[in-house]
Amino acid sequence: MKKILCILFIIILSLSFVACSNNSETETASYGGEGDPLLVLDNVNARLALSMACDKDFIVNEILANGSAVLNNGIPSGFFIGPKGTKFEGEDFVATAKKNKSGLYYDPKKAAELWLKAKKEVGFDTVKMEMLISASEVGGKLAEHMQEEFETNLEGLKIELIVLPGMERISRVMAGEYHMTVVGWGASYHDPATFLELFITDFPYNDQGYSNHEYDELMKKANETTDPKEHWQALLDAEAILLKDPAVAPLYQTGQIWLQNPSIKNIYRHSFGGIANSFKWVDIDANEKGNKILKLLSLADIFTLDSTNSTDFGSAEIINHISEGLVRLTKGDTIAPGLAESIEKSEDGLTYTFNLRKGIKWITHTGKVYGEVTARDFEYSWNRLIDPKTASENVSKLIDTGKVKSFKAIDDYTFEVKLKRNIDYFKAILPLCYLQPINEKFKNEVGDKYGTSNEYILNCGPFYLKEWDVSNKMILVKNPYYWDKETVNLDEINYRIINGIDNNTEISLYLEGSTDIAELKGENVMRYMDREDAVIYKSAAISSLYFNINKHKD
């Protein structure tokens, strides 16, 4: 009996040692020391882990608190509705995607499991990654929250926050000199493809280097089919791939709250078209001298006013005040005639004929007439856009997105565009600033200086750029030659440029009357959102965490 008990004791003791040994092995398992951050980010499970490791509810409710919403998909909700005559008719794109169980949700437990898989697959124990962040109060708080979440939920990960001015951060991202960064993106045109095309292999804005053959084929199908149902289904399938093999981690759909001068009327805010705001129709109380002047802040330098190469909302907003395209966006994102007085569309939907207004003037920064805007100016601008020598990142909007086969000036006042296929949203891309006219003679006169100052730009919009002191101010003056000048109420728009301004200073400038609009951010949202002059807006812009993958550029 004693012998049996002894044997049992030895067996139990042995099992205890085995259990201890197994636990110890789990705790001290080694997969290869410190990892290369770019190799780690090239791993699908690592990217999935990062996509699920951050509490997005905390971001929108505690850090932003401005009406932004958690984003679990690659498309903003409430803006893209299924096409008529299909089973998707009337249904929001995101709602359909959720039915298919697509989405990247906050799940720290699942994130930890995926991270462990990534460690085994890549062969690393620890890894240090840099996260580029903007030099702003909210950007800092957002980054610090993400840093804490990642380091807490993903064992062995260390995040170094690199604070950079806006222009430098964008330059580094475009050059592929980063590990992770948060990027915001707005809708260029009214179709989900405006977000999904960003991840096509070698797409101009695919700065993270994502490449997936199946994804590319689905986007090709979506772009080439003439069947609305097939187009929608291909986009749904493509987004599902993007969420299983993430190029980015969706964070939030942007909401904004402004303090706005109560006397301001008719600011039109847009959800697509590459234009955040239109001030063409704004009215405001006159000052003591009887002038109607809108005072605004620009929180970053304007990169360029060369419309062909404009890639940011700041420059696009200015360009759309001093220039105009064939069409323009009005209230409620309605597309209305711009420099084209009328538009004719062929029965097959493949040919558009734009009949330009006569007598439209090009204006210099001194308000003098330079010449007349003609269809030749559109032909030159569009040819410059697609010229490989220009190397514009916007060329795909015209050729791939717009499905443009050819274009030409028939005469001075007739511009003809032929499409590869009939697409419903073709006119919706036309307000984009890089499809606006450029005077070839003037461009040749100023050469590479074009768009770098108010002296080296021409104007044909509701305002002309009188002054531009980089990093200081911009003054836009009502254009007396604008074709629709009767509807322009403002005498001037004065931008004060303060790069990297904190939100408290921005609000102080508003309260003292130095600016007519100030966005509420961080703690100031709760402090001021109940004021009568607070305006809430939900946009189609989204913010996501971008990973530098670069896997097809080896």
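Just above, that's the structure.
Residues numbered from 1 in each chain as written. Predicted model: local features only at pLDDT ≥ 70, side-chain atom pairs only at ≥ 80, totals over all residues. Heavy atoms only, no water.

## Observations regarding the overall build of the chain
To keep things clear, this is the line we draw: Labels follow the DSSP assignment, with helices taken as runs of H or I lasting at least four residues and strands as runs of E lasting at least two, numbered in each case from the N terminus. Each radius of gyration is computed over the set of C-alpha atoms, and the globule rule expresses the reference value as 2.2 Å times the number of residues to the power 0.38. Buried residues are those whose accessible area, probed at 1.4 Å on protein chains only, stays under 20% of the maximum for their type, while exposed residues exceed 50% and partly exposed ones sit between those limits. Note on contacts: a residue pair qualifies if any of its non-hydrogen atoms lie within 4.5 Å across the two residues. For accessible areas, the Shrake-Rupley method is used with a probe of radius 1.4 Å. Any residue's cover is judged against the shown protein chains and nothing else. For the purpose of counting charges, residues Lys and Arg are taken to be positive, whereas Asp and Glu are taken to be negative. His and the chain ends are not included. Working definition for charges: the position is that of NZ of Lys, CZ of Arg, CG of Asp or CD of Glu.
Of the regular secondary structure elements, the chain holds 18 helices and 22 strands. What you see for the chain is a C-alpha radius of gyration of 27 Å, in line with the 24 Å of a compact globule of 554 residues. For the chain, the spread of C-alpha atoms along the principal axes amounts to about 115 × 55 × 45 Å. When each of the 554 residues of the chain is scored for burial, the buried share is 55%. The contacts of the chain with a sequence gap of at least 6 include a subset with a gap of at least 24, amounting to 69%. Carbon and sulfur atoms form 50% of the exposed surface of the chain, whose accessible area is close to 24,500 Å². Of the charged side chains in the chain, 61 are positive and 81 negative; the average position of the first set lies 3 Å away from that of the second.

## Focus on the environment of lysine 389
Relative to the helices and strands, lysine 389 resides in the loop between α13 (375–386) and α14 (395–401). Given the relative accessible area of 78%, lysine 389 is considered exposed. Separated by 97 residues in the primary sequence, lysine 389 and glutamate 486 place their C-alpha atoms 40 Å from one another.

## Some remarks on helix α10 (residues 213–224)
Let me state the cut-off plainly: Residue count minus one, scaled by 1.5 Å, sets the expected span of a helix. Summarising the geometry, the arc corresponds to the directions from the helix axis toward the C-beta atoms.
Over its 12 residues, α10 extends 16 Å from the first C-alpha to the last, a length consistent with the 16 Å expected when each residue adds 1.5 Å. Buried within α10 are the following residues: Tyr215, Asp216, Leu218, Met219, Ala222 and Asn223. One side of α10 carries all its buried residues, which in axial view fall inside an arc of 165°. Structural note: α10 exposes His213, Glu214 and Glu224 on the side pointing more than 90 degrees away from its buried face. Residues of α10 that are buried in the fold lie against α9 (193–196) and α11 (228–244).

## Details of the pairing of strand β18 (residues 463–469)
Selection criterion: Pairs of strands are assigned from DSSP output, requiring at least two bridges between the strands.
Here β18 runs beside strand β19 (residues 473–478); their pairing, made up of six bridges, is antiparallel. Note on β19: the bridge partner recorded for phenylalanine 463 is lysine 478. As consecutive antiparallel partners, β18 and β19 are separated by three residues, and within that stretch serine 471 has a phi angle of approximately 65°, a positive value.

## Here's the deal with the sheet that holds strand β16 (residues 404–411)
Sheets are built from strands that pair by backbone hydrogen bonding, the pairs being arranged parallel or antiparallel. This is how the line gets drawn: Under this scheme, a helix contributes an axis fitted over its contacting stretch, all axes are lines through C-alpha atoms, and angles between N-to-C directions fall in the 0 to 180 degree range.
Read from one edge to the other, the open sheet built from four strands follows the order β12-β13-β17-β16, with strand pairing classed as antiparallel. Of all strands in the sheet, those with a lone pairing partner are β12 (340–345) and β16, marking the two edges. Within this sheet the neighbouring strands show an average axis-to-axis angle of 20°, counted without direction. Two elements, β16 and strand β17 (residues 414–419), share six bridges in a ladder whose sense is antiparallel. Looking at the pairing, phenylalanine 407 lines up with valine 417 of β17.

## Some details on the packing of aromatic side chains
In plain terms, the rule: Here a pair means two rings of Phe, Tyr or Trp (six-membered ring of Trp) with centres within 6.5 Å. Their orientation is stacked below 30 degrees between planes, edge-to-face above 60, and tilted elsewhere.
Within this structure, the stated rule accounts for 19 aromatic pairs. Centre to centre, the rings of phenylalanine 80 and phenylalanine 195 are 6.1 Å apart; their planes meet at 75°, and the pair counts as edge-to-face. In this pair, phenylalanine 80 is assigned in the loop between β2 (69–70) and α5 (93–99) and phenylalanine 195 in helix α9, connecting sequence segments 115 residues apart. Comparing phenylalanine 80 with phenylalanine 195, the two get one shared label, buried. With centroids separated by 5.9 Å and ring planes inclined at 35°, the aromatic side chains of phenylalanine 378 and phenylalanine 415 adopt a geometry described as tilted. Placement of the pair is phenylalanine 378 in helix α13 and phenylalanine 415 in strand β17, with a sequence separation of 37 residues. Like phenylalanine 378, the residue phenylalanine 415 is buried in the burial classification.

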